[in-house]
Amino acid sequence: MTRAGALALAASVVSIGTFGTLAAGEASALRPTTAQLATPAPAAAEDEELDYLVYVAAESTDEVYKVRFDGEKATVDKVIPVGYQPTEIEGPHGMTVSPDGRHWFLSMAHGKPFGLLYKFDTETDELVGQVELGLFPATMQISRTTGLLYCVNFDLHGDMTPSSVSIVDPDAMVEVARTTTGAMPHGSRVSPDGLRHYSCSMMSGELFELDAASFEVRRTLKLDEAPEGGHGDSKRHGEDRGGGKHRSSKPTWVHPHPSEPLAYVCLNGADQVAEVDLTTWTVRRRFQTGHGPYNVEITPDGAKLVVSYKASGEVGIWDVERGVELARIRSSRRVTHGVAISPDGRYGFVSNEGIGGESGTVDVFDLRKDELVATAEVGLQAGGITFWRTETRD
Amino acid sequence: MKPLLCLVALLVSLAGPAAGQDEEAAPKLTLEVVPQDVELDVFDQLQLEVRVLDESGAEVDVDKVDGVRLVYFSRDREIADFSPPGVITAKGPGEGTVVVRAAGLGGPGASVKIAVRVAFPPLDRIEIRDVPEVLYTGTRASVSAMLVDKAGLERAEVPVQMALGSSGAATVDSLGHLTGVAAGRCELFAEVEGLRAQAAFEVVENPIRRIELTAPTERAQTGDVLQFEAIGRDEAGKPVEGVPIHFSFEAHPDDTLGQAATGQVEQDGRFVAEAPGVYTVVASSGGATARASVRAEPRDVQREVEFIGHGEVLDVHTSDLWVWEGVDKRDYAVTGTWGADGDALFWDVTDPADIQRIANVRVDARTVNDVKVSADGRICVLSREGASNRKNGIVILDVVDPRNPKILSTFTDELTGGVHNLFIYEDHVYALSAARRYDIINIEDPAQPYRVGSFELETPNHSIHDVWVENGIAYSSNWRDGVVMVDVGGGGMGGSPSNPVQMGSYAYPSGWNHAAFPYRDPETDKFYIVAGDEAFPFGLYTSERPTYPRGWIHFIDFSDRENPEEVARYQVPEAGTHNLWIEDDLLYVGYYNGGLRVVDISGDLLGDLYRQGREVGWFLPTHHEGKVPNAPMTWGPQPHKGHIFFSDWNSGLWSVRLKPEVEE
C-alpha cells in the first residue's frame, strides 16, 4: 500500500529553474528575481521508495487510465470512462494536471462537431466541469502564473486553414479568448515563467509564441526547410499541404527548456528535434532523430530530452548539452505518442498507441540507466499522458 | 453610464489566488481595482483603475518591472468583455463576472473578480397576439401578450396579465383563453411595468343551431385514424362555414381495470383509439352538440417472431450490417465491429438458419461503424474511426467474391476526423466527415475515388450523424438540426452529387435525431420521414452490465415539404431506438435494449403507435457469453427475402422471421 502524500506535482506544469543565463537583450523581459523563483520539485531521497502516478488517455476507447509505477512494475490503478456519446469515439487526446494537483484536464477531440475540455477531481476522478472549445482540442497546459489553461484546437478536418489556441479559465471552465495561429496546431506548452505560450502548427510548419497575458501572437518562426530555389519564409499558412517540392517539417510538439531561453521542437516530417533560441528566435541546433519524432519533454535539470519516435516505434533519450542521442530504445508498441517525465527526473513515461485492436501501453524509462524498465497495458490508442504525483510507500 | 455602485478600492491579497495554482514560494502581489461593482448599459465602456502592489505595499509598475503582467478576461463574454485590456465593454444584458489578475514573478497571481451588471434595454411595448377579428358565442380562441424591449427582445420572464372591458361579451382566463358569451364589441387590455396595450374584437352570435356529426365507420381497429365530419347548420338548416367546431371524446374501453387515457382527437376531427372499446366523439359549437360513436376492435396484427439463425460475434462489439444478393446469386452479409481491431466480417446467409462466417477484412481502425454494399453487389465500403494514423476515411472493397474481398482503395482526404456513417448510391459514396458534413465521392472507378461535392448545414454548431439516399434525395440526421432533405439528383431542384441543394428540414426539441428513413404510404399517399433517436441518459456500458438507452421513432409528415408536421411516434417504454428500416408497410427498428421491433405503419398515422397496438412483433437477442452477457442491444435491422437480419452490439448477426398469420 502507499501513503498518500504528494511530493511533487505534475512535472510538465511546474515551473522550475531560472533564466539566469539569458542573453542581455532579453533578460529584462524574462528574468524573475531569485526570491521569486518557484522551487523545483523535491528529489526523492536515495533510499526513499516512491510510487509514480501518471494519467494516460486511450483515444479509441474513450477511457483514461491511472497508471502506477512502483520502481519495478507498472500497473493500472483505475480506468475512468469519459465522454458523452457512448457509441461514437470521442477521442480523449490531451491531458494536464493543475499546478495544485487537485484537478486533471482532458481534451475530447470529437464532438457535435466541436470538442470539449473536461475537468476532473484527482481524488475522486469525477467530472466536475466542462467547456466546449474548437475543432479537435488537443494538447494543453496551465500557466501557474496567469492561472489560465491554453489548449490548441488541432482541427485536422477538411481544408488546412489556420486554427487556434483556446484560452480557458480553469476555475470557471469558461473559454475567455481564442487566438488564431496556424494550420493543425499542436504541442501546447508554457514557458517556465508562465508568461509565454508555445505551440506548433503542423501543416504550416510554424512555431508560435503567444503572450500568455494578452493572448496575442508575439512571434512566429518558420520551421520548414526552404524548398529548392528557396522561398521558405514567404509562405502563408496552409500552402504546404499536398506535398510538392517543399519539404514540410511538420512540427508536432514544443517544450521549453526549464532554465535556458531555449525550446525543443519535434519536426515530425524532418526526423529532427530543433533547438530554438528564444532570444534570437532562430533554430540553433538540429538533432537528427529516429523516424517521426512526435513528443518531447526535457528533464527538470535540463540535461536530457526524451523523444517519442512515433513512426519507428522507438524512444530516443538525448544529452541536451552535447546534442548526442544516448539511447534509442524499442518501445513496447509500434506507435509511440506522448512523453511525461517525473519531477525528480528519474523516470520518463511514454504512451504507445498500438495499431488496430492492439492495446496501448505506457512504457517507463529509467533516465539514469536510459533503459526501458516497465510496461503497463492500457486502452486502445493511448496518447495524451501527464504526470500526476509521487507517493511514498509505507 | 449609470453611477458606479461602489468606488471603494478593493484590496485583494493572495488569499484568493486562482484555483488550480499552488502557492509555494510565490511572492505576494496585491491588487487594487476600482470599481468593485459595475453597472452599465449595453455598449457602454468603463476604464478600470488598477494598481499592483508588492509585499511592502509599494506600487509595481507593470510596464517596467520584469515578469509582471496584468491579465484581463471575462467569464461572461456575451455580457461584458475587456476591449481594449482594462476597459470593460458591455455586450449584452445580464449579470457577469470579469477578472483582473496580476500575473508574474513565477507564481500564482492575485485575482479580483468584478461583478458587472448590464441593464436590459428599456421596455418598449406590449404585443397582444392572435386576437381574432370575430369570436362566435360559445366558441373559444387563444390569445397571448408579450412584453418587448427597445432592442426588440421578447421579455418572456415578465408575465403580462390580460383583462377584458366591461361589455360582458366575452371572458378571458389566466391562460389566455377567450370565450364568446354574447354579441357585442370587446376590448382586451394588457398592462405591465407602466405599459399598456389593447386590442378589440367583435363577439358575434353563433349561427349554428345544430351539428351533424358523421363517423367514417362504426367499427374500426385501434390505431386506425378516423376522420369524423362535422357540419354546423343554421336555423334554416343551411351549412355554416367559418365557425369553429370543437371536438372531444368519451371513452368506454373494454378494459375497465385502471386503464389509462385511451385515445386522441384532433381539432380537425381526426380520432384514433389506443385501446379496444367504444368511443363517442363529441362535436360542439355554441349551444349545439352532436355525438357519434365507434367501436374500436383490437388491431390484432401481432405475430410471433421466430428465431432462425445466429452468427455469433461474442468477443467484440458488432456495429452495422448490410445484407445483399451476391453476383453469384447467393446471399451475403457484412457486419462491422466497434471498439475493437478494425475488422469487417463477411457472412454467407443463403441459409438463414446456418449463417456462416466466410471472410474477415481488417483495416487500420478501432471501429468499423458502417458497412454498405452497392446495389449491384460488387462494391463494399467500410467507414473507419480510430485509425492509428488518424487519417480514418473510407475503405473500398471488391466483393464480387465475398469469400475473398479485396481492398481496392482507401480515401481519407478531408475525412480524417473519422467517418461514422456512409451510404452508396449510384456510383457515389456519401460519407460523413468529422460529424460536421457529408462528402460525396465518385466511385465509378472504385480504385480511384474522388470527391465531387459536399453538403454542410450553416446553422451554428451544426452536427451530423447519418445519411441515407433514396430516389436522388439524401436524408440526413443531424442531432439538434433534425432531419434534412437534400436534392442530389432526384429532388427536382437542380441538385446533383456535385451540387447538393437543400430541400427542407425539420428539427425536434430533444436534439436526439440519429437516423432517418423516407416512407410514402400507398394508401394515403402521405410522405413521411421516419426519424429515430439515440440517447444514453444513463450511460453506456461496454462490458459487464447492460445499458438502458432511451428515445423513440418520430413520424414527420413531409407531404407539404414547406410545412412538415410531426404527427405520430412509436415509443417502447424504457428502451432506446437506434437504426431502422422500412419495407412495404412494416417498420423494423433496432431498439437497443428493446431488441428487434416490427411495427405496422399502414394507413394514416396519428399518436403513439405502440399504445395503439400497432406493434407486430419483437425479438430479444441474448447470449450468455455475449460481449455483455444476456443483454440485448440491437443495432440495426434489414429485411431480406422473407427474413429479418439484424446486428446486435453484444452478440453478432441474427436472422429471424415473422411467423405466417394463421387464419382462424
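Residues numbered from 1 in each chain as written. Chains lettered and ligands numbered in written order. Predicted model: local features only at pLDDT ≥ 70, side-chain atom pairs only at ≥ 80, totals over all residues.

### Details of the overall build of chain B
Right, so step 1: When its secondary structure is counted, chain B shows zero helices and 58 strands.
Right, so step 2: The C-alpha extent of chain B, read off along each of the three principal axes, is 95 × 80 × 55 Å.
Right, so step 3: When each of the 664 residues of chain B is scored for burial, the buried share is 49%.
Right, so step 4: Sequence-distant contacts in chain B: of pairs separated by 6 or more residues, those separated by 24 or more amount to 54%. (Helix = DSSP H or I, 4+ residues; strand = E, 2+ residues; numbered from the N terminus. Buried ≥ 20, exposed ≤ 12 C-beta atoms within 10 Å, placed from the backbone. Contact = placed C-beta atoms within 7 Å.)

### Examining the overall build of chain A
Right, so step 1: Helices and strands together make up the secondary structure of chain A, namely one helix and 29 strands.
Right, so step 2: A buried classification covers 62% of the 394 residues belonging to chain A.

### Here we look at the nonpolar core
Right, so step 1: Ile394 and Tyr430 of chain B are the most contacted members of the largest nonpolar core, which has 132 residues in total.
Right, so step 2: When sequence neighbours within four positions are dropped, the list of residues in contact with isoleucine 394 of chain B reads Val381, Leu382, Ser383, Arg384, Thr410, Phe411, Leu415, Val419, Leu422, Val429 and Ala431 of chain B.
Right, so step 3: Within the second largest apolar cluster, 129 residues are counted, among which are Ala57, Met95, Val273 and Tyr309 of chain A. (Core = buried A, V, L, I, M, F, W, Y, C linked by C-beta atoms within 7 Å.)

### Some remarks on the environment of alanine 631 of chain B
Residue and element names in this part refer to chain B.
Right, so step 1: Here alanine 631 is to be found in the loop between strand 55 (615-619) and strand 56 (634-640).
Right, so step 2: Residue classification places alanine 631 among the buried residues on the basis of 23 C-beta atoms within 10 Å.
Right, so step 3: In this structure the C-alpha to C-alpha distance between alanine 631 and glutamate 470, which are 161 residues apart in sequence, comes to 33 Å.
Right, so step 4: Excluding anything up to four places from it in sequence, alanine 631 contacts Pro546, Thr622, Gly626 and Asn650.

### Examining the environment of valine 283 of chain A
Residue and element names in this part refer to chain A.
Right, so step 1: Position of valine 283 relative to the elements: it lies in strand 20 (residues 282-288).
Right, so step 2: Here valine 283 falls in the partly exposed class, since 18 other C-beta atoms lie within 10 Å of it.
Right, so step 3: Separated by 19 residues in the primary sequence, valine 283 and tyrosine 264 have C-alpha atoms spaced 9.5 Å apart.
Right, so step 4: Sequence-distant contacts of valine 283, defined by excluding residues within four places in its chain, comprise Ala274, Glu275 and Val276.

### Remarks on the sheet that holds strand 57 (residues 643-648) of chain B
All names here are of chain B.
Right, so step 1: Spatial ordering of the open sheet is given by 30-58-57-56, a layout of four strands whose pairing is antiparallel. The outermost strands of the open sheet, each flanked by one partner alone, are strand 30 (305-312) and strand 56. Strand-to-strand twist in this sheet, taken as the mean axis angle between neighbours without regard to direction, amounts to 25°. (Pairing = 2+ DSSP bridges. Axes fitted to C-alpha atoms, helices over the stretch in contact; angles between N-to-C directions.)

### Overview of unusual backbone geometry
Across the chain, the bulk of peptide bonds are trans and the bulk of non-glycine residues have phi less than zero.
Residue and element names in this part refer to chain B.
Right, so step 1: In the segment running from valine 34 into proline 35, the intervening peptide bond is cis, with an omega of 0°.
Right, so step 2: In this structure, proline 35 sits in the loop between strand 2 (30-34) and strand 3 (37-40).
Right, so step 3: Each neighbour pair has its own omega, and for serine 83 with proline 84 the value is -5°, a cis peptide bond.
Right, so step 4: Within the secondary structure, proline 84 is located in the loop between strand 8 (80-82) and strand 9 (87-90).
Right, so step 5: Even without being glycine, lysine 329 reaches a positive phi, approximately 70°.
Right, so step 6: Mapped onto the fold, lysine 329 is located in the loop between strand 31 (317-325) and strand 32 (331-338).
Right, so step 7: Residue lysine 329 is classed as exposed on the basis of its 8 C-beta neighbours within 10 Å.
Right, so step 8: Phi angles above zero are rare outside glycine, and glutamate 414 is one such case at about 60°.
Right, so step 9: Along the polypeptide, glutamate 414 turns up in the loop between strand 38 (406-411) and strand 39 (422-425).

### Regarding the environment of glycine 223 of chain B
Residue and element names in this part refer to chain B.
Right, so step 1: In this structure, glycine 223 sits in the loop between strand 22 (219-221) and strand 23 (225-227).
Right, so step 2: By the C-beta count within 10 Å, which is 29 here, glycine 223 ends up buried.
Right, so step 3: Residues glycine 223 and aspartate 254, 31 residues apart in the sequence, show an inter-C-alpha distance of 16 Å.
Right, so step 4: Once residues within four sequence positions are removed from consideration, glycine 223 is found in contact with Val272, Arg299, Leu609, Gln612, Gly613 and Arg614.

### So, the confidence of the model for chain B
Residue and element names in this part refer to chain B.
Right, so step 1: Taken over all residues, the pLDDT of chain B has a mean of 92, while the share at 70 or more is 95%.
Right, so step 2: Low pLDDT (under 50) marks residues 1-25, which in the prediction has 69 contacts with non-local residues, meaning those over four places away or in another chain.
Right, so step 3: Scoring the predicted complex yields pTM 0.77 and, for the interface, ipTM 0.83. (pLDDT = per-residue confidence, 0-100.)

### Quick look at the sheet that holds strand 50 (residues 565-570) of chain B
All names here are of chain B.
Right, so step 1: In space, the five strands of this open sheet follow the order 47-48-49-50-54, with mixed pairing throughout. A strand with exactly one partner marks an edge of an open sheet, and here the two such strands are strand 47 (513-520) and strand 54 (607-608).
Right, so step 2: Both strand 49 (residues 553-557) and strand 50 contribute to a ladder of five bridges, which runs antiparallel. Bridging from a neighbouring strand, aspartate 557 pairs with glutamate 565 of strand 50.

### Topic: the pairing of strand 39 of chain B
Residue and element names in this part refer to chain B.
Right, so step 1: Where burial is concerned, the two faces of strand 39 agree: the one with Leu422 and Ile424 and the one with Phe423 and Tyr425 are both buried.
Right, so step 2: Where strand 39 meets strand 40 (residues 428-433), four bridges bridge the pair, whose relative direction is antiparallel. In the sheet register, phenylalanine 423 faces strand 40, and the bridge partner there is tyrosine 430.
Right, so step 3: Hairpin connection from strand 39 to strand 40: two residues lie between these consecutive antiparallel strands, with glutamate 426 at a positive phi of about 45°.

### Topic: the pairing of strand 45 (residues 483-487) of chain B
Strand residues, when the strand is regular, have side chains that alternate between the two faces of the sheet.
Residue and element names in this part refer to chain B.
Right, so step 1: Most of strand 45 is tucked away: five of the five residues are buried.
Right, so step 2: Neither face of strand 45 is open: one carries Val483, Met485 and Asp487, the other Val484 and Val486, and all of them are buried.
Right, so step 3: With five bridges connecting them, strand 44 (residues 473-477) and strand 45 associate as antiparallel partners. Each bridged residue has a counterpart across the sheet, and for tyrosine 475 the counterpart in strand 45 is methionine 485.
Right, so step 4: Linking strand 44 back to strand 45 in an antiparallel pair, the connection comprises five residues, with tryptophan 479 at a positive phi of about 45°.
Right, so step 5: Bridge analysis of strand 45 against strand 46 (residues 501-506) gives five bridges, and the strand direction is antiparallel. Residue pairing for strand 46: valine 483 is matched across the bridge by tyrosine 506.

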